[in-house]
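Coordinates in review
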Amino acid sequence: MANTKPEWQVIIDLLRDTNPALLNRIGRKMMNYLYKRNVRQVETLMKRLESSSTDWEYSENQPVPKINHSLLQQIVDEAFRIAARVIKDEELTAMVTQWLKQEQFRFLTMAAEKRDVPLAEITEAVQRFARMPEEARKLSPEERTLIRAALIRRFFSEDLNYINVTKNYATVEDFSGMLSRTIGPPLGNGKLGGKSAGLFRAEKVLQAAKKDSIAIRNLSIPKTWFMTSDGILDFLHFNALEEMPSIKYRDPSEIRQEYPFLEQIFKNSTLSPEMIAGLALALDDFGDKPLIVRSSSLLEDTLGAAFAGKYKSLFVANQGTKKERLVALIDAIVEVYASVFGPDPIEYRRERGLLDFNEEMAILIQEVVGRRVGKYYFPAYAGVAFSHNEFRWSPRIRRQDGIIRLVAGLGTRAVDRVGDDYPVLVSPGQPGLRVNVSPDEVLWYSQKNVDVINLETRRFESITFDRLLADVGHDLPALAQIVSVYKDGQLYSPSGLMLNLNDGHPVVTFSKLLTHGPFIPMIKEMLKILSDSLGFPVDIEFACDGDIHKLYLLQCRPQSQAGGAMAVAIPENIPQRDQLFTAKRYITNAVVSGIEYLVYVDPEAYDALPTLEELVQVGRTVGELNSRLPRQKFILMGPGRWGSRGDVKLGVRVGYADINNTAMLIEVAKKKKDYVPELSFGTHFFQDLVEANIRYLPLYPDEPDAVFNQEFFGSAPNMLRRFVPGARGLEKVIKVISVPKVADGATVTVAMDGDSERALGYIKRNAKQP
């Protein structure tokens, strides 16, 4: 009995006879373990190996000599002999046994590391691992990191910064749950896209922070299913639409003209049976809760390429029979697919040198956060929040104090530019400093309409807040947190939970939500944790179903930055005749110089246009000018809201491709019947301006001490017909001014100093000019 071999030795001898390759892997692990224990004999062993490979002279520019295989085996055997001298037999047996158990996970390592591993294969490997008993899933830290990094690379991104952060928070088990809700071609190798990547990383970062942060303990992510990015390729092949990717190389005007037809081609096509079967499973999981189909392209929501608003996200009521629900879901998905070939995203990619990138479209299918109230479904409130505040309405607000755009109902009104309506703006770092202070201002700039899903008509609808209150009354979720009452020129917040809707006019103020309860601390903490962990400011989307102690994170992406950290000096000696305009509100630091053309849409002439067609034609003409004037050498100036998606009277209706070549976009906010249009911060349109380095400035020419050189804009010759010969009849509305021609070769400069809240646009003459 005294000569009985220890159990670990029996195992090693058996491997030597039956599986030498496995023995070598176990031997390498033993050597690594001894290194970690600082066992000196291992250093001697490695020196022996090194000397064996350098017995004869060789240059560092030629291969290292190969040593005899038997010597490698001797070194492995010696490693075990060293281990036997410094480690107890029981510990050695436990280690070798554990390493053998870990060998059963090689299938996962091999699958994860295989480049372009098919979806079905990697899903089976990950879920096989997850089904094992917890005590059997013990991998070494190095192997766990290897597998995590490989899975992140396979499904989300090969960007090293993304991998380096995400691998510290995600687990292999996280991927098992995600893949059980992933739909894609079984033999495909698509990813889950930028939007999915941003949400996954944010969720894991915030989950890890919950144990140390009470503020975010009730933060959740809505139920989500995923469709892989190569699903769109499967769709194109299944419907014989393989020529579609070449559309991006056509002339932009041709793309814009043909897109409505292309969209209908997609909507009259269908998905492959495998994809439809996956969607049927997803519908079983969601039940009859309304859904939102979100785009998640490979390029979307990455640093410098947010693609904000370029690709579609569509609501689906998800009501009726399962067949009806499935048809509606597929219809929304293929419409999102069609948006890949739309004019705005193609132009956006063309500008950034991304046109040759093989853009694929993954999709998120998310349960809409909210609850049913009568025939409507909607969240109590929703919105977007930004780490950095580029819309600072008080010198006490710092850039890092952030900003929230908050609305009642669906969050679409917090992002999109729609109609004569306003979100509530608040800085989470300075929630007591409001944009609008007086009751009359608060009333005027309050939200008037609410976006909801009508479960009876199965449509996304916008209804007035007054009508919603009339329909649902006190059943409105979180009513006391959202509404104040305007009466006799004053605003009154609810006392406790009591709110008399008939005693005055209900107004969306979020007064109680913003001053009591967990909302502001939760948003502030989220923004801080995410920006600190990711290393850059973020832009998040959120919603609340009515329980004010809970919040759902819907999206997280890098925040576009409106540059301008350098101080800007406003010149003080500009002659009055050369001063074109001044501004003193909502200024960021920037200098725009060398401007040769001013495109000025006269607010009064625009407002006087009698027909919708003429108003729309102004936008089309601006788009033509955008394509014909020299890039970044002109400024667009016009009334109200550029890019308004609602009432075209509120601003020139243009898309991103109609303004992308300008150096600066200026909104002239002239009062009309006491109306002053909302500014652009936080909308999809503003994100475009930021990323394209297009500066933005609002002008309030009716304010005291404001300069607006009406004589210059009114008397300068109009070159509109030279650039757009067909623009007959619009000369009084759109003026194209060639600055060098009217100012003897001079150009325009706009200096903006955000620190002093001053901006000046002026004619910059050469030193020799008078």
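What counts, and where the lines are drawn
- Residues numbered from 1 in each chain as written.
- Predicted model: local features only at pLDDT ≥ 70, side-chain atom pairs only at ≥ 80, totals over all residues.
- Heavy atoms only, no water.
- Helix = DSSP H or I, 4+ residues; strand = E, 2+ residues; numbered from the N terminus.
- Buried < 20%, exposed > 50% of the residue type's maximum accessible area, 1.4 Å probe, protein only.
- Contact = heavy atoms within 4.5 Å.
- Areas by Shrake-Rupley, 256 points an atom, 1.4 Å probe, with all protein chains shown as cover.
- Axes fitted to C-alpha atoms, helices over the stretch in contact; angles between N-to-C directions.
- Parallel < 35°, antiparallel > 145°, perpendicular 65-115°, else oblique.
- Left-handed = near helix turned anticlockwise from the far one by under 90°.
- Pairing = 2+ DSSP bridges.
- Expected span 1.5 Å × (residues − 1).
- Core = buried A, V, L, I, M, F, W, Y, C linked by side-chain atoms within 4.5 Å.
- Nonpolar A, V, L, I, M, F, W, Y, C, P; charged D, E, K, R; others polar.
- pLDDT = per-residue confidence, 0-100.
- Polar contact = N/O pair within 3.5 Å; in protein donor to acceptor, adjacent residues only side chain to side chain.
- Salt bridge = Lys/Arg side-chain N within 4 Å of Asp/Glu carboxyl O.
- Arc of directions from axis to C-beta.
- Phe/Tyr/Trp six-rings, centres within 6.5 Å; stacked < 30°, edge-to-face > 60°.

Our next topic: the overall build of the protein chain. Along the protein chain, the regular secondary structure elements total 28 helices and 27 strands. Residues counted as buried form 57% of the 770 residues belonging to the protein chain. In the protein chain, 75% of the contacts between residues at least 6 apart in sequence involve partners at least 24 apart. As presented, the protein chain carries roughly 34,100 Å² of accessible surface, and 51% of it is formed by carbon and sulfur atoms.

Next up on the list: the packing of helix 14 (residues 273–286) against helix 15 (residues 322–338). Where helix 14 contacts helix 15, the axes come no closer than 10 Å and their chain directions differ by 120°. Relative to helix 15, the element helix 14 is oriented oblique. As for the relative orientation of helix 14 and helix 15, their crossing is right-handed in sense. In this structure, helix 14 contributes Met275, Ile276, Leu279, Ala280, Leu283 and Asp284 to the contact, and helix 15 contributes Lys322, Arg325, Leu326, Leu329, Ile330, Ile333 and Tyr337.

Counting buried residues in strand 25 (residues 734–738) gives five out of five residues, a clear majority hidden from the surface. Taken together, the five bridges between strand 21 (residues 597–601) and strand 25 define a ladder with antiparallel strand orientation. Note that in strand 25 the partner of Val601 across the bridge is Ile734.

With 16 residues, helix 22 (residues 519–534) extends 22 Å between its outermost C-alpha atoms, agreeing within 8% with the 22 Å of an ideal straight helix rising 1.5 Å per residue. Phe519, Ile520, Met522, Ile523, Met526, Leu527, Ile529, Leu530, Ser531 and Leu534 are the residues of helix 22 that are buried. Directly after helix 22, the chain includes Gly535, whose backbone phi takes a positive value near 90°.

With that settled, the discussion passes to the nonpolar core. Formed by 87 residues in total, the largest nonpolar core has its most connected members in Phe155, Phe175, Tyr381, Leu406, Phe510, Phe519 and Leu551. The element best represented in this core is helix 22, accounting for nine residues. Excluding residues within four positions of it along the chain, Leu551 makes contact with Asn218, Leu219, Ser220, Tyr381, Phe519, Met522, Ile523, Met526, Phe542, Ala543 and Cys544. Counting 40 residues, the second largest nonpolar core, distinct from the first, contains Phe286, Ile330, Val336 and Ala338.

Let us look at the packing of helix 7 (residues 119–131) against helix 10 (residues 172–179). Packing of helix 7 against helix 10 leaves a shortest axis separation of 9 Å and a crossing angle of 125°. Considered as vectors, helix 7 and helix 10 are oriented oblique to each other. The hand of the helix 7/helix 10 crossing is left-handed. Contacts between helix 7 and helix 10 involve Leu119, Ile122, Thr123, Val126, Gln127, Phe129 and Ala130 from the former and Val172, Glu173, Phe175, Ser176 and Leu179 from the latter. By residue class, the composition of the contact of helix 7 with helix 10 is eight nonpolar, three polar and one charged.

We now examine the environment of Phe519. With respect to the helices and strands, the residue Phe519 is situated in helix 22. In this structure, the C-alpha to C-alpha distance between Phe519 and Ile216, residues 303 residues apart in sequence, is 9.7 Å. Other than its neighbours up to four places away in sequence, Phe519 contacts Tyr381, Ile404, Leu406, Leu513, Leu514, Phe542 and Leu551.

The subject of this paragraph is the confidence of the model for the protein chain. The share of residues in the protein chain with pLDDT of 70 or more is 90%, and the mean pLDDT across the chain is 87. Summarising per-element confidence for the protein chain, the mean pLDDT is lowest in helix 25 (residues 684–691) (56) and highest in strand 3 (residues 224–227) (98).

All right, on to the side chain of Ser484 then. Tracing the sequence through the fold places Ser484 in strand 14 (residues 483–487). Separated by 2.6 Å, the side chains of Ser484 and Thr509 make a polar contact. Apart from the residues lying within four places of it in its own chain, the contact partners of Ser484 are Leu491, Tyr492, Ser493, His505, Pro506, Val507, Thr509 and Ser511.

Here the focus is the pattern of salt bridges. For the structure on display, the rule yields 40 salt bridges. A salt bridge links Asp401 to Arg398, with the shortest nitrogen-to-oxygen separation between them at 2.8 Å. Relative accessible area serves as the criterion here: at 46%, Arg398 is assigned to the partly exposed category. Here the salt bridges do not stand alone but share partners, grouping Glu263, Lys267, Lys312, Asp331 and Glu335 into one network.

What follows is about the sheet that holds strand 12 (residues 449–454). Read from one edge to the other, the open sheet built from four strands follows the order 7-8-12-13, with strand pairing classed as antiparallel. Single-partner strands in this sheet number two, and they are strand 7 (371–373) and strand 13 (459–464). Geometrically, the sheet is characterised by an average inter-axis angle of 45° between neighbouring strands, direction not taken into account. Relative to strand 12, strand 8 (residues 376–378) is paired through two bridges, and the arrangement is antiparallel. Its bridge partner being in strand 12, Tyr377 is matched across the sheet by Ile453. Here helix 19 (residues 465–472) sits on the sheet in contact with strand 7, strand 8, strand 12 and strand 13, set at roughly 100° to strand 13.

Attention now moves to the side chain of Arg413. Structurally, the position occupied by Arg413 is in helix 17 (residues 412–415). By relative accessible area, Arg413 is classed as buried at 10%. Polar contacts involving the side chain of Arg413 include one to the side chain of Ser462, which spans 3.4 Å.

Moving on: unusual backbone geometry. With glycine set apart, most residues show a phi of negative sign, and most peptide bonds adopt trans. With a phi angle near 55°, Asn38 is a residue other than glycine that sits in the positive phi range. Its place among the elements puts Asn38 in the loop between helix 2 (20–36) and helix 3 (40–52). Here Asn38 falls in the exposed class, since its relative accessible area comes to 62%. In this structure, Arg458 is a non-glycine residue whose phi angle is positive, near 60°.

Looking only at helix 19, the buried set comprises Phe465, Leu468, Leu469 and Val472. End-on view of helix 19: buried residues confined to an arc of 100°, all on one side of the axis. Downstream of helix 19 by one or two residues, Gly473 has phi in the positive range, about 55°.

Another aspect to go through is the sheet that holds strand 19 (residues 579–583). Taken in spatial order, the four strands of this open sheet run 19-27-26-20, and their pairing is antiparallel. The outermost strands of the open sheet, each flanked by one partner alone, are strand 19 and strand 20 (590–595). When strand polarity is set aside, the average angle formed by the axes of neighbouring strands in this sheet is 10°.

Our next topic: the packing of aromatic side chains. Scanning the entire structure with this criterion turns up 19 aromatic pairs. Where Tyr348 meets Tyr656, the ring centres are 5.6 Å apart and the plane angle is 55°; that geometry is what we call tilted. Note that Tyr348 is positioned in helix 16 (residues 343–351) and Tyr656 in the loop between strand 22 (634–639) and strand 23 (664–668), a separation of 308 residues in sequence. Accessibility assignment for this pair places Tyr348 and Tyr656 in one class, buried. Here the aromatic cluster, defined as three or more aromatic residues joined through ring pairs, consists of Phe156, Tyr162, Phe175 and Phe200.

This paragraph deals with the pairing of strand 27 (residues 758–764). The side chains of a regular strand alternate between the sheet's two faces. Along strand 27, five of the seven residues are buried, which leaves the element largely enclosed by surrounding structure. Of the pairings in the sheet, the one linking strand 19 to strand 27 comprises four bridges and is antiparallel in character. Counterpart to Thr582 in the pairing with strand 27 is Leu760. Of the pairings in the sheet, the one linking strand 26 (residues 747–753) to strand 27 comprises seven bridges and is antiparallel in character. The partner of Val748 across the bridge, within strand 27, is Ile763. Two successive antiparallel strands, strand 26 and strand 27, enclose a turn made up of four residues, where Glu757 displays a positive phi of approximately 55°.

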